[in-house]
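Chains, contacts and geometry: an overview
Residue strings, one per chain:
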Amino acid sequence: MEILLTVGLLVISGVGTFFYMQGQDDFDVFEDYKIIKQAYKAFRNESNGLTKGIENLSKYMPSESNINLDRYEMSMDDKFLVVKKLPKGADPKKIVKQVGGNSSFKDNKLKLSFFTLGSGVEPVAKINIQPVSNITTLTKLEYSYDESIAEDDKILDVEWENDDEYFDTEGVHTVRLRIMDKHYRWSEWESMDIFVAEIKGIKSIHGGGGHRMMVQNNGDVFAYGENGFGQFGNCTNDNNSLLEKIAQLDKVENIAVGSNHTSILKADKKVFATGKNDFGQLGVGSRVNSKIPKLTWGIDNIIEIACGHNCSAAVTVDGHVYTYGENENMCLGYNDVHFVDRPTRINDLENIKSVSLGYDFGLAIGYDGNVSVWGNNDKGQLGIGYKSKATEVSLTQYKDAKMISAGKNFSMVLGNSGRLYGCGVNSGHQLGFEGEKEVLFPVEITGLKDIEKVVCSHDFTLALDVVGNMYSWGQYSPVDVDYAKKPFICDSLKYVKDIAVTANHAYALTENDEIYEFGSKFSNMRKIEVLE
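Residues numbered from 1 in each chain as written. Predicted model: local features only at pLDDT ≥ 70, side-chain atom pairs only at ≥ 80, totals over all residues. Heavy atoms only, no water.

Regarding the overall build of the protein chain
- In terms of helices and strands, the protein chain carries two helices and 42 strands.
- Whereas a compact globule of 532 residues would reach a radius of gyration of roughly 24 Å, the protein chain reaches 35 Å, over 25% beyond that.
- Across the 532 residues that make up the protein chain, the buried fraction comes to 52%.
- Of all intrachain contacts in the protein chain linking residues separated by at least 6 positions in sequence, the fraction that spans at least 24 positions is 50%.
- A total of about 24700 Å² of accessible surface is found on the protein chain, and carbon and sulfur atoms cover 47% of it. (Helix = DSSP H or I, 4+ residues; strand = E, 2+ residues; numbered from the N terminus. Rg over C-alpha atoms; globule rule 2.2 N^0.38 Å. Buried < 20%, exposed > 50% of the residue type's maximum accessible area, 1.4 Å probe, protein only. Contact = heavy atoms within 4.5 Å. Areas by Shrake-Rupley, 256 points an atom, 1.4 Å probe, with all protein chains shown as cover.)

Quick word on the sheet that holds strand β32 (residues 420-425)
- Across the sheet, four strands lie side by side as β30-β31-β32-β33; this open sheet has antiparallel pairing. The open sheet is flanked by β30 (401-406) and β33 (438-444), the only strands paired with a single partner. Ignoring which end each strand starts from, the neighbouring axes of this sheet average 10° apart.
- Strand direction decides the pairing type here: β32 and β33, joined by four bridges, are antiparallel. By the bridge assignment, glycine 424 is partnered in β33 with valine 439. (Pairing = 2+ DSSP bridges. Axes fitted to C-alpha atoms, helices over the stretch in contact; angles between N-to-C directions.)

Observations concerning the pattern of salt bridges
- Inspection of every chain in the model, using the stated rule, returns 23 salt bridges.
- The salt bridge involving lysine 269 is made with glutamate 253; its shortest N-O contact spans 2.7 Å. A residue pair is termed long-range when its members are at least 10 positions apart, and lysine 269 in the loop between β19 (261-266) and β20 (271-275) and glutamate 253 in strand β18 (residues 252-257) qualify at 16 residues. (Salt bridge = Lys/Arg side-chain N within 4 Å of Asp/Glu carboxyl O.)

Observations regarding a nonpolar patch on the surface
- Taken together, Val121, Val124 and Ile149 make up a surface patch of nonpolar side chains, about 190 Å² in accessible area.
- Examined against the element boundaries, isoleucine 149 turns out to sit in the loop between β10 (142-144) and β11 (155-161). (Patch = residues over 30% accessible without salt bridge, like charges linked within 9 Å, V, L, I, M, F, W, Y side chains within 5 Å.)

Some thoughts on unusual backbone geometry
- Following glutamine 130, the chain continues into proline 131 via a peptide bond in cis, with omega recorded as -5°.
- Counting through the fold element by element, proline 131 comes out in the loop between β9 (128-130) and β10.
- One non-glycine residue, aspartate 78, adopts positive backbone phi at about 65°.
- Relative to the helices and strands, aspartate 78 resides in the loop between β4 (72-74) and β5 (80-83).

A closer look at the sheet that holds strand β41 (residues 526-527)
- Read from one edge of the open sheet, four strands run β38-β39-β40-β41, paired in antiparallel fashion. The open sheet is flanked by β38 (496-501) and β41, the only strands paired with a single partner.
- The sheet contact formed by strand β40 (residues 515-518) and β41 spans two bridges and is antiparallel. Its bridge partner being in β41, glutamate 517 is matched across the sheet by arginine 526.

Focus on the nonpolar core
- Of all hydrophobic cores here, the largest spans 30 residues; its most connected members are Leu363, Val371, Met412, Leu420 and Trp473.
- Contributing elements (two or more residues each) for this core: β27 (361-366), β28 (371-377), β30, β31 (410-415), β32, β34 (451-456) and β36 (470-474).
- When residues in this core are grouped by element, the largest group, four residues, is from β31.
- Apart from residues lying up to four places away in sequence, leucine 420 is in contact with Met412, Val413, Leu414, Val443, Glu444, Ile445, Leu448, Val454 and Trp473. (Core = buried A, V, L, I, M, F, W, Y, C linked by side-chain atoms within 4.5 Å.)

Quick word on the packing of aromatic side chains
- Tallied over the full model, the rule gives seven aromatic pairs.
- On the numbers, 6.4 Å between centres and 15° between planes, the contact of phenylalanine 30 with tyrosine 33 is stacked. Here the residue phenylalanine 30 and the residue tyrosine 33 both occupy positions in helix α1 (residues 29-46), the gap between them amounting to three residues, near one helical turn. Of the two residues, phenylalanine 30 and tyrosine 33, both sit in the buried class.
- Considering the side-chain rings of phenylalanine 43 and tyrosine 60, the 6.1 Å spacing of their centres and the 80° angle between planes classify their relative orientation as edge-to-face. Pair noted here: phenylalanine 43 is in helix α1 and tyrosine 60 is in the loop between α1 and β4, with a separation of 17 residues, a long-range link.
- Given a relative accessible area of 9%, phenylalanine 43 falls into the buried group.
- Connected via pairs of aromatic rings, a cluster forms that spans Tyr40, Phe43 and Tyr60.
- Just above the ring of phenylalanine 339 sits the side chain of arginine 287; from NZ or CZ to the centre is 4.0 Å.
- The positively charged end of lysine 485 is found above the aromatic ring belonging to tyrosine 483, 4.8 Å away from the centroid. (Phe/Tyr/Trp six-rings, centres within 6.5 Å; stacked < 30°, edge-to-face > 60°. Lys NZ or Arg CZ within 6 Å of the ring centre and 35° of its normal.)

Concerning the side chain of threonine 461
- By the element assignment, threonine 461 lies in strand β35 (residues 460-465).
- What makes threonine 461 buried here is its relative accessible area of 0%.
- Dropping the residues within four chain positions of it, threonine 461 is found in contact with Phe410, Met412, Gln430, Val454, Val455, Cys456, Tyr471, Ser472 and Trp473.

Considerations on the environment of glycine 424
- Structurally, the position occupied by glycine 424 is in strand β32.
- Once residues within four sequence positions are removed from consideration, glycine 424 is found in contact with Lys379, Gly380, Gln381, Asn409, Phe410, Leu431, Lys437, Glu438 and Val439.

Focus on the pairing of β27
- In terms of residue burial, β27 counts as a mostly covered element, since six of its six residues are buried.
- Across the two faces of β27 the burial is the same, with Phe361, Leu363 and Ile365 and Gly362, Ala364 and Gly366 all buried.
- Where strand β26 (residues 352-357) lies against β27, five bridges are found, and the strand directions are antiparallel. Paired with serine 356 across the strands is leucine 363, a residue of β27.
- Counting the residues between successive antiparallel strands, the hairpin from β26 to β27 contains three residues.
- Connecting β27 to the antiparallel partner β28 that follows it, the hairpin turn spans four residues, and glycine 369 within it adopts a positive phi of roughly 90°.

Right, dumping it as structure tokens:
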């Protein structure tokens, strides 16, 4: 059956219907396809968007080309060249075979796969995620498509969905990926489920001049005490009588607390700071106080932070130490300048893993276990055998050190053996023994063994052993007359997993995540309530 039309001839057969051109010159669909494909490639070199119509390819056509673009159109996703009109006698099936790939003649439509000419390798997306297990809300994820398959290993474009560096909520999160090969073919979407957990409980506690901070395992932070300079980072100057959550802080790995400022190490290894900034101790390039956390200038890949009275320090993953803030008595470890408001490297220190700052001096442990010191040494607190001020970086006699802690004008060094050593002022029995008022060389603190952690305040020390027993000695305040002159064990609280001190109080975190505050010889002990 034949039906005459003004524009051509409509043929009905067992395979369907199709318009064939009459009254026009013959043309070769396959040859047109190859030219249009090259024009599309030129378009893609300039744009990642869709063509929005085949007419937009005309400027990329060879000048000698006489293709009638009215015969064709692009599919909505630019994957196919759709033939609107065939020359008389053309065989759609033969054209499909010539082009190959995903080309088809179906439901009266001839669709030529626009990106498959000459390709025998289909693109396949492969997702690689690190780490692959034990992922929590604090885990930073890294994604790659290196194992994806493409002809000649050439991938022109990738598209990700849900590839977040961190997932804030526990549960299953699905990541998707597709790739584009050199023929501008998109692969099928590849999916991978990530199982994210949230670790419950309290990770650590920290104290400074008059404020206390608590870090949870999920990276949330709670604060309690004085906030007159905005050291909580909660946009206020209001004090807290309970441990209250700081909404402005999340994904926190560690915290260091100074007299009136706070440094915050985030899970992405960047440092933020808040609070008093009169000497540049926030490291933000100014000396303006802040009651919101601000990014510390110019440092990343940080593994350790510390705060002194009005100064701060950060240790990088490659063992470099940066300090900033007040530089009284060269407590920053370089130059006799009054203050530094941006992190500046101590060039004399290499391969450092940990640092502690006192009132106006500092200590650092190297990966070799040796201890370096700098700053004020007027009471022998550096442990180098003599007294002085404004001391440059010096190497001490300490070996095989595990931890350091700097007080106001004394210091403690914990060895890997579990033994504790101290030096500096001892007029208030800060070093845990009677006799000398000042100690210039390191002396072992007797009556202790298997110590796991030590923290120093202005004039007292708190230590924790491996089984959770606490020991304390020294004056908690100038009016404290009945204080412990040597290590005094706490009998009222056991199974402690972390300790902290402020100027006049000490704190303990138990294994069941309860926090207690106490004074000299563990007196006036009370539980600190947490306001969820």
